[in-house]
Every structure is written in C-alpha cells, then in structure tokens.
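Chains, contacts and geometry: an overview
Now for the letters of each chain:
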Amino acid sequence: MSLRHALLGLLSERPASGYDLLKLFETSLASAWPATQSQIYTELTKLAGSGLVTVSAEGPRGRKEYALTDEGLAELRHWLTEVKPQRTTRSDVLLRVFFLGVLTPEQARGYLTELIELSDQGYESLRRVEESVDWGDDNLSVYGRIALEYGLRFNAMRREWAQWAAGQIT
C-alpha cells in the first residue's frame, strides 16, 4: 500500500483539505498506515501534479480542498483490483522473539509481558476510536469498521499468543 492510494481512497468518499485528511488518518488509518502532515501535503501536491486529484476549492490562509478526479478513481480501482498486496511483512516483534534465547528466561518473559501490554494498549486505543467515531452507512464508515475490527482482533490474538509464548519459556 502507499500513501498515494490511502489518500485517493479517502478522497473517493468526499473532497477534503490536507488538514481534514490528516485528521482522518489520525482517527481511522493510523493503525494501518500512519502518515505525517508533511507526508500528506507532499503527496497531495504530487497527486495534483499528476492529475489524480484537483484543487476543488481554496479558502482563507491558503487552505485547499482536494477532490478526486476520474483518473484518480481509475487509479484507485486499478490498485484495488490489479495490484496484488505485498505478501512479505517484516516484523520487528517476531524477529526479536527468534533471538530471545540469548536473554535470561526472566528477560524473555519480560519482553513478552511488554508485548501483552502493547497489545492491550492497541486494543483499547482502537476501542476508543470505535466509540468516538460517528459511524454512518457511507463507504468509509462501513469499510472503516471492518478494518477496525481487524485491528481489534489482531491485538487480541497477539495478546493471547504472547501469554502462551511466555508460558513456553522455562
């Protein structure tokens, strides 16, 4: 996935300013694809330059509202249907697990305990998002809830796995 496609996806629902998009990232996409303000604005400039979005309105203090063009929608659809997701994922978490044997059993269990706590924090953070968003029946709400459920289940699974793994260390 790329920031480009995340922005095209968000703009497929409705026009938005860079600030609006940043807030959407913070409340909906941060767990799947985090982005900073400078990354978002840089990518919006590139998207506008390539004709995938257009500046649909300009407001005070240089505020620009961006809208998806037909070419942008075609690119988003192409990416969704023709570009296969990357199957390789790097996991700093699992790489460390492979080498926990160089630590004492207490240190290894401590690492897994931290992972349990991280999973709990991630789960609770997503629960707060779930409770704070005014969910509707628009596409971003429907599919955003589906993606949010993935995050909730992932954190619950990782917590359960880390508890099991800690019990395997003698």
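For the structure itself, look to the data block above.
Here we summarise the structure given alongside this text. Everything quoted here is computed from the prediction, not taken from an experiment.

The rules behind these values
- Residues numbered from 1 in each chain as written.
- Predicted model: local features only at pLDDT ≥ 70, side-chain atom pairs only at ≥ 80, totals over all residues.
- Heavy atoms only, no water.
- Helix = DSSP H or I, 4+ residues; strand = E, 2+ residues; numbered from the N terminus.
- Buried < 20%, exposed > 50% of the residue type's maximum accessible area, 1.4 Å probe, protein only.
- Salt bridge = Lys/Arg side-chain N within 4 Å of Asp/Glu carboxyl O.
- Polar contact = N/O pair within 3.5 Å; in protein donor to acceptor, adjacent residues only side chain to side chain.
- Contact = heavy atoms within 4.5 Å.

As for the environment of Ala-74
- With respect to the secondary-structure elements, Ala-74 resides in helix H4 (residues 70-82).
- For Ala-74, a relative accessible area of 46% corresponds to the partly exposed category.
- Spatially, the C-alpha atoms of Ala-74 and Leu-8 are 10.0 Å apart, while their sequence positions differ by 66 residues.

Focus: the pattern of salt bridges
- Within this structure, the stated rule accounts for nine salt bridges.
- Close ionic contact of Glu-106 with Arg-109 constitutes a salt bridge, the shortest N to O distance being 3.7 Å. One end of the pair, Glu-106, and the other, Arg-109, are both in helix H6 (residues 105-132), three residues apart, so they sit about a helical turn from each other.
- Judged by relative accessible area, Glu-106 falls into the exposed class, the value being 54%.
- Judged by relative accessible area, Arg-109 falls into the partly exposed class, the value being 28%.
- What emerges from the salt-bridge pattern is a single network uniting Arg-127, Glu-130 and Arg-145.

So, the side chain of Ser-141
- With respect to the helices and strands, the residue Ser-141 is situated in helix H7 (residues 139-168).
- Among the polar contacts made by the side chain of Ser-141, one reaches the side chain of Asp-138 at a distance of 2.9 Å.
- In contact with Ser-141, not counting residues within four places along its chain, are Asp-134, Trp-135 and Gly-136.

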